Amino acid sequence: TLLRDDEPDLADALHGRAVDMLNQLANRFPNVVAYRVFLASALRQHGLTLQSMERLEDAAESFQLAVEQNRAFLKAHPESPLGRRELASDLQLLADTLKQSGDSERAGELSEQATRHWRKRPDFE
């Protein structure tokens, strides 16, 4: 909403606060896996905000941190379709951001990783 209302700096600040709070919770209570999921989501949203502000390096860093949180979640829950989907999504966001920044080689590698994780989704047919 803040981005649509042309207040990107406020959106950035609020996303940053959310990330900080969730990071503290995830570190203080490492056995509460949900905090990692929420942290990854907050990092993703912050990255999208930063990307819209054309702060591509900061966006890539946020997406990279989201990828790390999703990997930690999948380590605890390797069969989670949600975890694989979120990891694939964040890998692709990171790849797209790096491609925009001119790092096509790394972007291609990450895009391939995203595809591999997406293909591991269960077949519900």
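Some thoughts on the overall build of the protein
Inference 1: A tally of regular secondary structure across the protein gives 5 helices and 0 strands.
Inference 2: In the protein, the succession of helices and strands from N to C terminus is α-α-α-α-α.
Inference 3: Taking 125 residues into account, the globule formula puts the C-alpha radius of gyration at 14 Å, and the protein, at 15 Å, falls close to it.
Inference 4: Seen along its three principal axes, the alpha-carbon backbone of the protein occupies a region of about 45 × 35 × 25 Å.
Inference 5: A total of 125 residues make up the protein; the buried ones form 36% of that total.
Inference 6: If you take every contact in the protein between residues at least 6 apart in sequence, the share linking residues at least 24 apart comes to 53%.
Inference 7: With an accessible surface of roughly 7,800 Å², the protein has 50% of that area assigned to carbon and sulfur atoms.

Structural notes on the environment of Glu68
Inference 1: Within the secondary structure layout, Glu68 lies in helix α3 (residues 56-76).
Inference 2: With 14 residues separating them along the chain, Glu68 and Glu54 place their C-alpha atoms 23 Å apart.

Details of the side chain of His46
Inference 1: Checked against the element boundaries, His46 lands in helix α2 (residues 33-52).
Inference 2: The class of His46 is buried, set by a relative accessible area of 12%.
Inference 3: Contact partners of His46, with chain neighbours within four places excluded, come to Asp12, His15, Gly16, Val19 and Ser62.

Considering a nonpolar patch on the surface
Inference 1: On the surface, Leu25, Phe29 and Val32 cluster together into a nonpolar patch covering about 200 Å² of accessible area.
Inference 2: Locating Val32 in the fold gives a position in the loop between α1 (8-28) and α2.
Inference 3: A relative accessible area of 34% means that Val32 is categorised as partly exposed.

Digging into the nonpolar core
Inference 1: The biggest cluster of nonpolar side chains holds 15 residues, and the ones touching the most others in it are Phe63, Leu87, Leu91, Leu94, Leu98 and Leu110.
Inference 2: Within the residue set of this core, elements represented by two or more residues are α3, α4 (81-101) and α5 (104-119).
Inference 3: Sort the elements by how many residues they give to this core and α4 lands first, with 6 residues.
Inference 4: Core analysis: the second largest hydrophobic core is formed by 7 residues, Val19, Leu22, Leu43 and Ala66 among them.

Structural notes on the pattern of salt bridges
Inference 1: On inspection of all chains with the given rule, the structure shows 6 salt bridges.
Inference 2: The partner of Arg55 in a salt bridge is Asp12, and the shortest N-O contact between them spans 2.7 Å. Taken together, the residues span a long stretch of sequence, with Arg55 in the loop between α2 and α3 and Asp12 in helix α1 at a distance of 43 residues.
Inference 3: The exposure class assigned to Arg55 is partly exposed, which follows from its relative accessible area of 31%.

Here's the deal with the packing of α3 against α4
Inference 1: Where α3 meets α4, the closest approach of the two axes is 9 Å, and the angle between their N-to-C directions is 160°. Comparing their axes, α4 and α3 come out roughly antiparallel. Considering only the axes of α3 and α4, their crossing is left-handed. The residues of α4 that touch α3, namely those facing Leu56, Ala59, Ala60, Phe63, Gln64, Ala66, Val67, Asn70, Arg71, Phe73 and Leu74, are Gly83, Arg84, Glu86, Leu87, Asp90, Leu91, Leu93, Leu94, Thr97, Leu98, Gln100 and Ser101.
Inference 2: Tallied by class, residues from the contact of α3 with α4 come to 13 nonpolar, 6 polar and 4 charged.

About the thresholds
- Residues numbered from 1 in each chain as written.
- Predicted model: local features only at pLDDT ≥ 70, side-chain atom pairs only at ≥ 80, totals over all residues.
- Heavy atoms only, no water.
- Helix = DSSP H or I, 4+ residues; strand = E, 2+ residues; numbered from the N terminus.
- Rg over C-alpha atoms; globule rule 2.2 N^0.38 Å.
- Buried < 20%, exposed > 50% of the residue type's maximum accessible area, 1.4 Å probe, protein only.
- Contact = heavy atoms within 4.5 Å.
- Areas by Shrake-Rupley, 256 points an atom, 1.4 Å probe, with all protein chains shown as cover.
- Patch = residues over 30% accessible without salt bridge, like charges linked within 9 Å, V, L, I, M, F, W, Y side chains within 5 Å.
- Salt bridge = Lys/Arg side-chain N within 4 Å of Asp/Glu carboxyl O.
- Core = buried A, V, L, I, M, F, W, Y, C linked by side-chain atoms within 4.5 Å.
- Axes fitted to C-alpha atoms, helices over the stretch in contact; angles between N-to-C directions.
- Parallel < 35°, antiparallel > 145°, perpendicular 65-115°, else oblique.
- Left-handed = near helix turned anticlockwise from the far one by under 90°.
- Nonpolar A, V, L, I, M, F, W, Y, C, P; charged D, E, K, R; others polar.

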